[in-house]
Amino acid sequence: MLGDSYTILAIETSCDETGIAVLRRQGDSLTLLSHAVASQIAIHEKTGGVVPNVAAREHAKVITPLIEHVVAESKCSLKDMDAIAVTVGPGLIPALLVGVQAARTLAFSLNKPIIPIHHLEGHIYSALLGEAAENKWQIPTADDVFPALVLIVSGGHTMLVHVDGYMQYRLLGQTRDDAAGEAFDKVARLLDLPYPGGPEVSKLAEQGNPAAFAFPRPMEHSPDFDFSFSGLKTAVLYTLRDTPDANKADVAASFQAAVVDSLVVKTRKVLKEVPYKSLLVTGGVAANTSLRQAMQGVSDRYGVPLHVAPLWLCGDNAVMIAQAAAIIDTKKRTSTWQEVDGRARIALEEFSD
Ligand code: KG4
Ligand code: ZN
């Protein structure tokens, strides 16, 4: 069991970023001592996507020197770590296992506990805590921020989650096919833009007319809180096939507008039905300027304060894993090195209180 003040080493390897962070909690105050992300973009660019075994090999290559570097930067030593936090899923199993095994070995040799974290908990708490002033955050009082409605938009997930309190999650709706980020990446490929496509499509969209093409807003009128993006991607494919001289910036802008509208419609639908104290938007796609602006509009319209993940924490990183571990440890979720394991699919609800 950890006391009131402790230091966490966090590890994230669920996809194609190796993330390491060292964070200290003192009372309700969190201080980031150091962190780093080793991105594999240059490697996966060649295949236009992440090959799990290639990602795992790269994590295995960089993880030890990265831990050494981040711990040295934190001005601590490994012995000063009170717990090891690690993403145990969901994600690509070969990649996840590199981080989990590193955490197990450290926990075994240092005789310290492991705090297993669901990848999406990381995204949720990084939005809740927001931007860091001088690398410090204050953990909010639960009554001030919960219940919170969270829109998670990444390469692997698009979901609306009801968060009733720290470690209290309920899934309201999710995509039935492609994730929003996946749709951005696929459309980028159709537009001959490099991987990962989200930022490229969004850059191109800035020069285009979002009303140029009337792309569908799939499931706009469905009674649930689910999403669907594969039909939208197919609509872009047909448009490019049938209109070869279509202005690519117009296609990008119209596609982006359709994604943002779909996300806004379902978020508003939840807010119309349930009163929330905060609205959180997080995950890789939360870096999208047009989505951030649209969600500010939703927040203003419903009078629900908006917390968007800071740009530097939208993509995968270990800072968010450390933040989640530091926050939820108040509930004492610790394991031994023998107990933890990586899992490709784990529902967020399994990590609920
Ligand atoms: O959270 P994340 O780093 O990894 C997953 O957990 O999936 O999200 C990555 C996704 C990719 O699909 C990427 O294209 C997308 O986020 N993305 C964006 C933007 N920046 C990253 N999508 C739209 N606009 C952006 N500016
Ligand atoms: Zn992620």
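Colleague: Help me get a handle on the sheet that holds strand β2 (residues 17-26), residues and values and all.
Modeller: Here we have 6 strands laid out as an open sheet, ordered β5-β4-β1-β2-β3-β6, and mixed in their pairing. The strands lining the two open edges of the sheet, one partner per strand, are β5 (114-118) and β6 (136-138). The sheet shows a mean angle of 25° between the axes of neighbouring strands, taken without regard to direction. Inspection of the sheet shows strand β4 (residues 83-89) paired to β5 by 5 bridges, in the parallel sense. Looking across to β5, one finds that Thr87 is bridged to Ile117. Strand contacts of helix α4 (residues 119-129): β1 (5-12), β3 (29-39), β4, β5 and β6, with the helix running at about 85° to β5, the strand carrying the most contacts. In the packing of helix α11 (residues 319-328) onto the sheet, the strands contacted are β1, β2, β3, β4, β5 and β6, and the crossing angle to β1 comes to about 140°.

Colleague: Give a description of the pairing of strand β8 (residues 158-165) that names residues and reports values.
Modeller: Among the 8 residues of β8, 7 are classified as buried, and the element is accordingly described as predominantly covered. Pairing of strand β7 (residues 148-153) with β8, which is carried by 6 bridges, proceeds in the antiparallel orientation. By the bridge assignment for β8, Val153 is matched with Thr158. The hairpin formed by β7 and β8 contains 4 residues between the paired strands. Here β8 runs beside strand β9 (residues 168-174); their pairing, made up of 6 bridges, is antiparallel. By the bridge assignment for β9, Gly165 is matched with Gln168. Hairpin remark: β8 followed by β9, antiparallel, with 2 residues in the connecting loop; positive phi at Met167, about 70°.

Colleague: Describe the sheet that holds β8, and please don't skip the residues or the numbers.
Modeller: The sheet built from 5 strands is open, its strands ordered β9-β8-β7-β10-β11 with mixed pairing. If you trace the sheet from one side to the other, it starts and ends with β9 and β11 (306-308), each paired once. Sheet twist, expressed as the mean angle between neighbouring strand axes with direction ignored, is 20°. Both β7 and strand β10 (residues 278-282) contribute to a ladder of 5 bridges, which runs parallel. Paired with Ile152 across the strands is Thr282, a residue of β10. α4 rests against β7, β8, β9, β10 and β11 of the sheet, and its axis sits at about 125° to β10.

Colleague: Please set out the site of ligand 1 residue by residue, giving values where relevant.
Modeller: Taken together, 19 residues are adjacent to ligand 1, and Gly155, Asp185, Gly198, Gly284 and Asn288 come closest. At 3.2 Å from an oxygen atom of ligand 1 is found a main-chain nitrogen or oxygen belonging to Gly156. The side chain of Asn288 places a nitrogen or oxygen atom 3.0 Å from a nitrogen atom of ligand 1. Burial of ligand 1 by the protein chains amounts to 85% of its free accessible area of 560 Å². Among the secondary structure elements, those contributing two or more residues to the shell around ligand 1 are α4, α6 (180-190) and α7 (197-205). A per-class count over the shell around ligand 1 returns 5 nonpolar, 12 polar and 2 charged.

Colleague: Quick rundown of the coordination of the zinc ion (ligand 2)? Include the residues and the values.
Modeller: Coordination of the zinc ion (ligand 2) by the protein is provided by His119 (NE2), His123 (NE2) and Asp316 (OD), with metal-donor distances spanning 2.1 Å. According to the relative accessible area criterion, His119 is buried, its value standing at 5%. Classification of His123 as buried rests on a relative accessible area of 1%.

Colleague: Before we move on, can you summarise unusual backbone geometry with the specific residues and values?
Modeller: The linkage connecting Gly89 with the following residue, Pro90, adopts the cis geometry, with an omega of -10°. Of note in the backbone geometry, Asn135 takes a positive phi value of approximately 60° without being a glycine. Topologically, Asn135 is positioned in the loop between α4 and β6. On the basis of relative accessibility, which here comes to 37%, the residue Asn135 falls in the partly exposed class. In this structure, Asp192 takes a positive phi of about 60° despite not being glycine. Using a relative accessible area of 64% as the deciding quantity, one classes Asp192 as exposed.

Quick notes on the rules
- Residues numbered from 1 in each chain as written.
- Chains lettered and ligands numbered in written order.
- Predicted model: local features only at pLDDT ≥ 70, side-chain atom pairs only at ≥ 80, totals over all residues.
- Heavy atoms only, no water.
- Pairing = 2+ DSSP bridges.
- Helix = DSSP H or I, 4+ residues; strand = E, 2+ residues; numbered from the N terminus.
- Axes fitted to C-alpha atoms, helices over the stretch in contact; angles between N-to-C directions.
- Contact = heavy atoms within 4.5 Å.
- Buried < 20%, exposed > 50% of the residue type's maximum accessible area, 1.4 Å probe, protein only.
- Near = heavy atom within 4 Å.
- Polar contact = N/O pair within 3.5 Å; in protein donor to acceptor, adjacent residues only side chain to side chain.
- Areas by Shrake-Rupley, 256 points an atom, 1.4 Å probe, with all protein chains shown as cover.
- Nonpolar A, V, L, I, M, F, W, Y, C, P; charged D, E, K, R; others polar.
- Donors = N, O, S within 2.8 Å, 3.2 Å for Na, K, Ca; no water.

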